[in-house]
Amino acid sequence: MSTYSKVVKDFRQNRQFQHICLFWQAVKNLHGISNSTIHLVRDTFDERMMSATNPLQSGNEDSTTVKNPTTIVKQQSSPGIISPDAFIGMKAMLAMYFGDFESGADIAIKDYDYAMKIGVGSSSVVIGTIYCAICCFAASSTSKQKQQKHRKMARTCHSNLKKWVKAGNPNCIHALAI
């Protein structure tokens, strides 16, 4: 991993390097190296710093303070930044693995539709959809106040998976079965 990331960095492949850092920080969170569970904050990748380097933040006029790390600016991604669909998928995955379904469902409700629009053709959209659906279905049974919103988003994710299976995507069949 360190050799690959060094080569990517040497060739100035900023977008790929940021994605490697994102995934590596998620691995560290899963190993318990980071004090945080679903927040990607540590030495490898720090989501609080994203507002200064890329447009995954909205409502941040001051780029030094991050109000909400999962809210995404409604604009196209540009080279050198993390794609919103990968970021949302990673946050939903961590929420699912750590059992924080409410946070995963909130991430899905706020940002899933935008990630679907900007991540057309990206493999991380399918993976993010799976994790968002699981978080929303699980959260709908735990939170009575937001039950309707969570179920609606879970159904949206489920219908997208159905649509992709009907279109012949073999990577979605197992997700639909879950």
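See the structure shown above.
Residues numbered from 1 in each chain as written. Predicted model: local features only at pLDDT ≥ 70, side-chain atom pairs only at ≥ 80, totals over all residues. Heavy atoms only, no water.

Undergrad: What is the right way to read the overall build of the protein chain from this model?
TA: Within the protein chain one finds eight helices and zero strands. Mapped from its N terminus to its C terminus, the protein chain presents α and β elements in the order α-α-α-α-α-α-α-α. In the protein chain, the share of contacts with a sequence separation of at least 24, taken over all contacts with a separation of at least 6, comes to 56%. For the protein chain, the accessible area works out to roughly 9900 Å², and carbon and sulfur atoms hold 56% of it. (Helix = DSSP H or I, 4+ residues; strand = E, 2+ residues; numbered from the N terminus. Contact = heavy atoms within 4.5 Å. Areas by Shrake-Rupley, 256 points an atom, 1.4 Å probe, with all protein chains shown as cover.)

Undergrad: Would you mind showing me how to read helix α6 (residues 123-140) here?
TA: Structurally, the α-helix is built with 3.6 residues per turn, so residues lying three or four positions apart point the same way. In this model α6 runs 26 Å from its N-terminal to its C-terminal C-alpha over 18 residues, within 8% of the 26 Å that 1.5 Å per residue would give. Of all the 18 residues making up α6, 14 are buried; the element is thus mostly covered by neighbouring parts of the structure. (Expected span 1.5 Å × (residues − 1). Buried < 20%, exposed > 50% of the residue type's maximum accessible area, 1.4 Å probe, protein only.)

Undergrad: Would you take a moment to explain a nonpolar patch on the surface for this structure?
TA: Together, Leu30, Tyr97 and Phe98 line one region of the surface with nonpolar side chains, adding up to about 290 Å² of accessible area. Mapped onto the elements, Phe98 comes out in the loop between α4 (84-97) and α5 (101-118). Taking the relative accessible area as the measure of exposure, Phe98 reaches 32% and is therefore partly exposed. (Patch = residues over 30% accessible without salt bridge, like charges linked within 9 Å, V, L, I, M, F, W, Y side chains within 5 Å. Salt bridge = Lys/Arg side-chain N within 4 Å of Asp/Glu carboxyl O.)

Undergrad: What exactly am I supposed to notice about helix α7 (residues 147-166) here?
TA: With 20 residues, α7 should cover 28 Å at 1.5 Å per step; its first-to-last C-alpha distance of 28 Å lies within 8% of that length. For α7, the complete set of buried residues consists of His150, Met153, Ala154, Cys157, Asn160, Leu161 and Trp164. On an axial view of α7, the arc spanned by its buried residues comes to 120°, and they lie on one face. Along α7, the residues that are exposed and aim more than 90 degrees away from the buried face are Gln148, Lys152, Arg155 and Lys166. Packing partners of the buried residues in α7 comprise α5, α6 and α8 (173-177). Gly168 sits one or two positions beyond α7 and adopts a positive phi of about 100°. (Arc of directions from axis to C-beta.)

Undergrad: What is the right way to look at the nonpolar core in this model?
TA: Where a protein is soluble and globular, its nonpolar side chains tend to be buried together. Counting 41 residues, the largest nonpolar core has Leu22, Leu40 and Trp164 as its most contacted members. Mapped onto this core, the elements with two or more residues apiece are α2 (14-31), α4, α5, α6 and α7. (Core = buried A, V, L, I, M, F, W, Y, C linked by side-chain atoms within 4.5 Å.)

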